[in-house]
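# Summary of the model geometry
For reference, the chains in residue letters:
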Amino acid sequence: MRTHEDDGVTAAALAPRARLLPALAAVYRAQLSRARVSRIPLLFVATFQSVGIMILMRGVVDGGSEARAVVAGSAVLVVAFVALNLLAQYFGQLRAGGGLDHYATLPVPPASVVLGTAGAYASFTVPGTVVTAVTGSLLFQLPMAHLWVLVAVIPLSGAALAGLGAALGLLAPRQELATLLGQLGMSAALLLGVLPAGRLPGPIAYARDLLPSTYGVEALARSFDAHPDWAVIGLDLGVCAAVGVLSLAVATWAYRRAAVR
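A brief look at the structure comes next. All values derive from a computational prediction rather than experimental measurement.

### Let's talk about the pattern of salt bridges
Counted by the stated rule, this structure contains 5 salt bridges. Close ionic contact of glutamate 218 with arginine 208 constitutes a salt bridge, the shortest N to O distance being 2.8 Å. Of the two residues, glutamate 218 sits in helix α10 (residues 214-222) while arginine 208 sits in helix α9 (residues 202-210), which places them 10 residues apart along the sequence. In terms of burial, glutamate 218 and arginine 208 fall into one category: buried. Between aspartate 236 and arginine 222 there is a salt bridge, and its shortest N-O distance comes to 2.4 Å. Here arginine 222 lies in helix α10 and aspartate 236 lies in helix α11 (residues 230-259), a separation of 14 residues in the sequence. Accessibility expressed as a relative area gives 9% for aspartate 236, which makes it buried. Residue arginine 222 is classed as partly exposed on the basis of its relative accessible area of 28%. Each of Arg208, Glu218, Arg222 and Asp236 takes part in salt bridges that share partners, so that together they form one network.

Structure below.
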C-alpha cells in the first residue's frame, strides 16, 4: 500500500484552534464595526423612544422614588432594545440564513462567538443609555453625582439581556418567532422596568423580579438617592452579574446546539 510518504508528500498539519480571548476580541471588533454601520439609526430610535417615555411620564410622576424608577428604567430600556431585541433578531436571522455554518467552519470556540457578539451589542448601547440617564436627571431634577454607576450597570445589564436575546434567537425554531420573542422581551423590559414597582399588581410585580434587567434598574434608581445604600446597590449588581453569566452560558449552549444541526 502506498502512502503520502512514499510519494514524497507529507500531510499538512491543521492550524491550532484559536484561544478564547484572542478569538473573542476578533469577533467583538468585527461585530462592533458591523453594528456601527448598520445600527446607528436603530440606536437613535431606542434613545428617542426612552426619552419620549420619560416626557410622557413627567405628566404623571412628579418626583421621589417613582421619578427615579422611571429614569432608571428608561435608561436600561435602551440596553434592552439593542442587546435583547436586536440580538434575538440577529441570531434568528443568522440561524435561518445558514450564517451559523460560516462560524462553525472557523477555528474559534463557540463561547467567543456568543460573548464577542453580545459584548459588541451591549457596548453599542453606551451612548444612548448615558444620554437617556442625563436627560431624565435634568427632566426630573435628580442628582447626577452618582451616574458613574452606569459604568457597572450598562455592561452587567447588557450581558444579562444580550445572553437572553442570543438564547431566544438561537432556540427559536423560526426567524419570525425569534423576532417576536425579542420584541416581547423588550416590551416586558418597558412595562416592568419603567413603571414604578409600587404601582404594579402583585403577580406582575413577582414577574418583574424574574426579568434580568430589573436589578440593573434598581441599582441605577438607588444611585439617585442623596445618600445611596452602596451595599444594596452592590447586591443588585451582583445578582445582575450572576444572571448575566447564567444567560450567556445558556446562549453558548444554544449556539452549540444550533451549530451542529
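This is not the end of the story, as more comes after the structure.
### Observations concerning the packing of α10 against α11
Running from N to C, α10 and α11 point in directions that differ by 160 degrees, and their axes come no closer than 8 Å. As summarised for this structure, α10 and α11 are arranged roughly antiparallel, according to the angle between their axes. The way α10 lies across α11 gives a crossing that is left-handed. Each of Tyr215, Gly216, Glu218, Ala219 and Arg222 in α10 lies in contact with α11, whose residues at this interface are Val232, Ile233, Asp236, Leu237, Val239 and Cys240. Counted by class, the contact of α10 with α11 contains 7 nonpolar, 1 polar and 3 charged residues.

### Observations concerning unusual backbone geometry
Of note, the phi angle at glutamine 141 is positive, near 55 degrees, even though the residue is not glycine. Following the sequence through the fold, glutamine 141 ends up in the loop between α6 (126-139) and α7 (150-171).

### Section: the packing of helix α3 (residues 64-96) against helix α5 (residues 110-123)
Packed helices, taken two at a time, are described by the angle between their axes plus the distance between the axes. Between α3 and α5, the least distance of the axes is 9 Å, while the angle of their chain directions is 135 degrees. With respect to each other, α3 and α5 are oriented oblique. Seen from above, α3 lies across α5 with right-handed handedness. For the pair α3 and α5, the contacting residues are Val82, Leu86, Leu87, Tyr90 and Phe91 in the first and Thr117, Ala118 and Tyr121 in the second. By residue class, the composition of the contact of α3 with α5 is 7 nonpolar, 1 polar and no charged.

Conventions and cut-offs
Residues numbered from 1 in each chain as written. Predicted model: local features only at pLDDT ≥ 70, side-chain atom pairs only at ≥ 80, totals over all residues. Heavy atoms only, no water. Salt bridge = Lys/Arg side-chain N within 4 Å of Asp/Glu carboxyl O. Helix = DSSP H or I, 4+ residues; strand = E, 2+ residues; numbered from the N terminus. Buried < 20%, exposed > 50% of the residue type's maximum accessible area, 1.4 Å probe, protein only. Axes fitted to C-alpha atoms, helices over the stretch in contact; angles between N-to-C directions. Parallel < 35°, antiparallel > 145°, perpendicular 65-115°, else oblique. Left-handed = near helix turned anticlockwise from the far one by under 90°. Contact = heavy atoms within 4.5 Å. Nonpolar A, V, L, I, M, F, W, Y, C, P; charged D, E, K, R; others polar.

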